[in-house]
Amino acid sequence: MSDTRTALVTGANKGIGYEIAAGLGALGWNVGVGARERSRREEAVARLRETGVDAFAVPLDVTDDDSVAAAAQLVTERVGHLDALVNNAGITGGFPQQPSTVDPDTIRTVVETNVIGVVRVTNVMLPLLRRSSAPRIVNVSSSVGSLTRQSGPDSETTTGPVAVAYSTSKTFLNAVTLQYVRELAGTGILVNLACPGFVATDLNGFRGLRTPQQGAVTAIRLATLPDDGPTGGFFEDDGVIPW
Ligand SMILES: NC(=O)c1ccc[n+]([C@@H]2O[C@H](COP(=O)([O-])OP(=O)(O)OC[C@H]3O[C@@H](n4cnc5c(N)ncnc54)[C@H](OP(=O)(O)O)[C@@H]3O)[C@@H](O)[C@H]2O)c1
């Protein structure tokens, strides 16, 4: 097995995912740029390579079984293992999302990407992760999925507007992640959740207050944890987020 570590980042063509790829690349990692649309994917890989990152393109739509299977095949043939999987791809489903008026299809669509997509990708990539000496899974969640913060007195400030599809999809993702933590306990695969903070990206019409580089920091830290690092945690830059 080569000393170079390899990561796959989903939704890496822009925003926080791109910066996670750039940050891991700057640490010397070989980075698979998972992205569903060809021109956006190729452009991101070219930009990363221009800055010296050892990046390669991975066509990947997290909602599509065949696409995800093909992505795993590509990583298998090209690298043979995976040291870190960063499940970053995500959507909001658009706003407003009042529970009383939401189209149920909005919830279905968001869950399909933000939750089922993570399960679909993780399960196909697990055999590759098991071949790593220090495998890590990072699921990019959000503090808006924190039930503690949602139910606290400052919920509007700490978790933003009511969002029955997006916020709940992140709560669901957190719960699903804990099931992986339990199943994978003792395997050496460390599984954690990262919240990037409120970051200016397409996701929020660039209204976020942090840069994508800042938003990438926690995910990069969790992808590069030492063997005695945590598993089953929900982290932001300032520390642990309450469930
Ligand atoms: N921005 C924030 O303030 C914030 C806060 C908390 C958590 N997050 C989380 O951070 C992650 C990244 O979001 P971002 O802010 O960087 O948003 P973004 O700029 O909109 O990027 C989202 C990425 O996900 C990709 N994606 C969406 N659906 C996909 C699919 N079916 N298959 C593959 N890729 C797909 C997008 O690809 P396309 O370009 O093809 O659409 C894009 O690359 C998300 O999980 C989000 O929930 C963001």
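This text follows the structure it describes.
Before going into details, it helps to say that this report is about the structure given with it. (Residues numbered from 1 in each chain as written. Predicted model: local features only at pLDDT ≥ 70, side-chain atom pairs only at ≥ 80, totals over all residues.)

## A short note on the overall build of the chain
Piece 1. Looking only at helices and strands, the chain has 8 helices and 8 strands in total.
Piece 2. For the chain, whose C-alpha radius of gyration is 17 Å, the value lies close to the compact-globule estimate of 18 Å for 243 residues.
Piece 3. Across its three principal directions, the C-alpha atoms of the chain cover 50 × 40 × 30 Å.
Piece 4. Counting the 243 residues in the chain, one finds 45% classified as buried.
Piece 5. Across the chain, every contact between residues at least 6 apart in sequence was considered, and the portion connecting residues at least 24 apart equals 68%. (Helix = DSSP H or I, 4+ residues; strand = E, 2+ residues; numbered from the N terminus. Rg over C-alpha atoms; globule rule 2.2 N^0.38 Å. Buried ≥ 20, exposed ≤ 12 C-beta atoms within 10 Å, placed from the backbone. Contact = placed C-beta atoms within 7 Å.)

## Observations regarding the environment of Val115
Piece 1. Of note, Val115 is situated in helix α4 (residues 104-130).
Piece 2. The class for Val115 is buried, based on 23 C-beta atoms found within 10 Å.
Piece 3. The sequence separation of Val115 and Ser169 amounts to 54 residues, and the corresponding C-alpha distance is 6.5 Å.
Piece 4. Sequence-distant contacts of Val115, that is, excluding residues within four places in its chain, are made with Ser169, Phe172, Leu173 and Val176.

## Side note on α4
Piece 1. Taking 1.5 Å per residue, 27 residues should reach 39 Å; α4 reaches 37 Å between its end C-alpha atoms and fits that length.
Piece 2. The largest bend in α4 amounts to roughly 40° and is located at Ile116. (Expected span 1.5 Å × (residues − 1). Bend = angle between axes of the 7 residues up to and from the residue.)

## Things to note about the nonpolar core
Piece 1. Ile20, Ala21, Val33, Val86 and Ala219 are the most contacted members of the largest nonpolar core, which totals 59 residues.
Piece 2. Of the residues forming this core, the biggest block, 7 residues, is contributed by α4.
Piece 3. Discounting chain neighbours no more than four positions away, the residues touching Ile20 are Val9, Ala12, Val86, Asn88, Ala216, Ala219 and Ile220. (Core = buried A, V, L, I, M, F, W, Y, C linked by C-beta atoms within 7 Å.)

## Topic: the pairing of strand β2 (residues 30-35)
Piece 1. For β2, the tally of buried residues reaches 5 of 6 residues, placing the bulk of the element in the interior.
Piece 2. Note that strand β1 (residues 6-10) and β2 share 5 bridges and pair parallel. Within β2, the position partnered with Ala7 by the bridge is Val31.
Piece 3. Traced from β1 through helix α1 (residues 15-26) to β2, the parallel crossover comes out right-handed.
Piece 4. For β2 and strand β3 (residues 54-59), the ladder comprises 6 bridges, and the chain directions are parallel. Bridging from a neighbouring strand, Val33 pairs with Ala57 of β3. (Pairing = 2+ DSSP bridges. Right-handed = clockwise from strand over helix to strand, strands pointing away.)

## Re the sheet that holds strand β5 (residues 136-140)
Piece 1. Across the sheet, which stays open at both edges, the 8 strands sit in the order β3-β2-β1-β4-β5-β6-β7-β8 with mixed pairing between neighbours. Two strands in the sheet have a free side with no partner beyond their single neighbour: β3 and β8 (239-240).
Piece 2. In terms of strand pairing, strand β7 (residues 234-236) meets β8 through 2 bridges, oriented antiparallel. Opposite Glu236, over in β8, you have Gly239 as the bridge partner.
Piece 3. Where α1 meets the sheet, it contacts β1, β2, β3, β4 (84-87) and β5, and its direction lies at approximately 170° from that of β1.
Piece 4. Packing of helix α7 (residues 166-184) onto the sheet brings it into contact with β5, β6 (190-194) and β7, and relative to β6 it is tilted by some 165°. (Axes fitted to C-alpha atoms, helices over the stretch in contact; angles between N-to-C directions.)

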